[in-house]
Amino acid sequence: MSLNATPSANRTHIAFFGRRNAGKSSVVNAVTGQQLSIVSEVRGTTTDPVQKAMELLPLGPVVIIDTPGIDDEGALGAQRVARTRRVLNKADIAVLVIDAAQGLTPVDQELTDLFRTRDLPYLLVYNKSDLACPEDLPENALAVSALHGEGIHELKERLAHLANTGKKEKPLVADLLSPGDTVVLVVPIDSAAPKGRLILPQQQVIRDALEADALPMICRESELAAALDKLIQPPCMVITDSQAFREVAAIVPPEIPLTSFSILMARYKGNLRTAVAGVAALNSLQNGDPVLISEGCTHHRQCDDIGMVKLPRWIRAYTGAEPVFSWTTGTEFPEDVSGYRMVIHCGGCMLNEREMQYRFRSALSQGVPITNYGTAIARLTGILPRSLQLFPDAAALLPQQNE
């Protein structure tokens, strides 16, 4: 992932839904101008969600998702439908493809009800308009023919309008910086670091700082003290990988604000206050309490992996208890988390904002505290108040936790 490429998590996610043989995949292929999905007269050809990051004019960077038919049948079909419904958790825009000859069916109506319940912008696309032309379409509907390309240009224009309506660019760190500010980024290089590149949150913070006309200075924790000594003036802040929180906090003078990439990511995804409130659950963990550790990406596990090894080790040392840990990765976040004492989630750099907010809301609605890696590590290392110095609205929750 280069600094110029838009991460998938920051792209508008457009998901195409509908019944089998309504022509979802044909519409997807017509919109993208690619054979993204296999098209066949056989019902249920699309068996799993198909996802592709791409540039789609006039929208720009998007993720297109083609889903299995929502009316699939049988035991295997039920699993496909469940996967289709999970796509709703991350879709920014929904496109419901309807067979124009059959019109809106009860299955389609159920989907539109779900869109409205989730406050998800959507379009109704009546496909096969060359065979049947519906009349008096509602404002959020249009007729297309994927076979002949009719209405596809209008569909893309409508999608672009939906994508841009009310959309505001959110800064990751730029709003905390002024032109000419020096910001020190502490980037550990260990066995878990990807060869030849930085992890995504580090890339994004560097790019955001550069666009704010600030001066990012990057070093490892082992060079941090020397780096600070070389600066004529103290930096406006230090941002560290959460795993190095303890070492970095011991080096950085208390008057210099200190936070982490993960805490910045929680704010960026809109979940920082929830994460700060949820981290208090660490103080009451007891032997046997079930704890879910969830990551949004899938990667090869290292011998000292943060989620599998380090977090459990730090939690045992902090609490003096032996909780029972479970793990999920990628898209496999359970719908039912009510059996857990708490959930600790990664920063979610590979998940878009809508999915991260869904996961946090899901836990809260089931009465389960949820936090993220950076907030949890700051608590476990005793520097949570300091790490929130830049975010007074989140720090205001700390007195309630007897910090």
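Keep in mind that this is a model prediction, so the values were computed, not measured. (Residues numbered from 1 in each chain as written. Predicted model: local features only at pLDDT ≥ 70, side-chain atom pairs only at ≥ 80, totals over all residues. Heavy atoms only, no water.)

Student: Can you walk me through the sheet that holds strand β3 (residues 60-66) in this structure?
Tutor: Neighbouring strands of a sheet are bound in pairs by backbone hydrogen bonds; such pairs are parallel or else antiparallel. Taking strand neighbours across the sheet as the criterion, the 6 strands line up as β2-β3-β1-β4-β5-β6 in an open arrangement whose pairing is mixed. A strand with exactly one partner marks an edge of an open sheet, and here the two such strands are β2 (50-56) and β6 (141-143). Here the average twist between neighbouring strands, direction ignored, is 25°. Two strands pair when backbone bridges link them, and strand β1 (residues 12-18) and β3 are joined in this way by 5 bridges, in the parallel orientation. Paired with Phe16 across the bridge in β3 is Asp66. With respect to the sheet, helix α1 (residues 24-32) is in contact with β1, β2, β3, β4 (93-99) and β5 (122-127), its orientation differing from that of β1 by roughly 145°. Running at roughly 170° to β5, helix α4 (residues 152-164) makes contact with β1, β2, β4, β5 and β6 of the sheet. (Pairing = 2+ DSSP bridges. Helix = DSSP H or I, 4+ residues; strand = E, 2+ residues; numbered from the N terminus. Axes fitted to C-alpha atoms, helices over the stretch in contact; angles between N-to-C directions. Contact = heavy atoms within 4.5 Å.)

Student: What am I meant to see in the nonpolar core here?
Tutor: Side chains that are nonpolar tend, in soluble globular proteins, to be buried together. In terms of nonpolar packing, the biggest core is built from 63 residues, with Ile239, Leu282, Ile344 and Leu388 touching the most fellow members. Top element by residues in this core is helix α8 (residues 261-268). It accounts for 6 residues. In contact with Ile344, other than residues within four places in its own chain, are Leu282, Val291, Leu292, Ile293, Ser294, Leu311, Ile315, Thr371, Asn372, Tyr373 and Ala376. Listed in part, the 24 residues of the second largest apolar core include Met54, Leu56, Val62 and Val125. (Core = buried A, V, L, I, M, F, W, Y, C linked by side-chain atoms within 4.5 Å. Buried < 20%, exposed > 50% of the residue type's maximum accessible area, 1.4 Å probe, protein only.)

Student: What exactly am I supposed to notice about the pairing of β3 here?
Tutor: One face of the sheet, then the other: side chains in a regular strand alternate in exactly this way. Counting buried residues in β3 gives 6 out of 7 residues, a clear majority hidden from the surface. Both β2 and β3 contribute to a ladder of 7 bridges, which runs antiparallel. Note on β3: the bridge partner recorded for Leu56 is Gly60. The antiparallel pairing of β2 with β3 creates a hairpin that spans 3 residues between the two strands.

Student: Hey, could you run me through the sheet that holds strand β13 (residues 342-345) in this one?
Tutor: Strand order in the open sheet formed by 4 strands is β12-β11-β13-β14, with parallel pairing between adjacent strands. Two strands bound the open sheet, and with one partner strand each, they are β12 (324-328) and β14 (370-372). Pairwise comparison of adjacent strand axes, ignoring direction, gives a mean angle of 25° for this sheet. Pairing analysis gives 4 bridges linking strand β11 (residues 290-294) to β13, with the strands arranged parallel. Bridge assignment links Val291 to a residue of β13, and that residue is Met342. Running at roughly 150° to β12, helix α10 (residues 306-319) makes contact with β11, β12 and β13 of the sheet. Of the strands in this sheet, β11, β13 and β14 are in contact with helix α11 (residues 353-365), which crosses β14 at around 145°.

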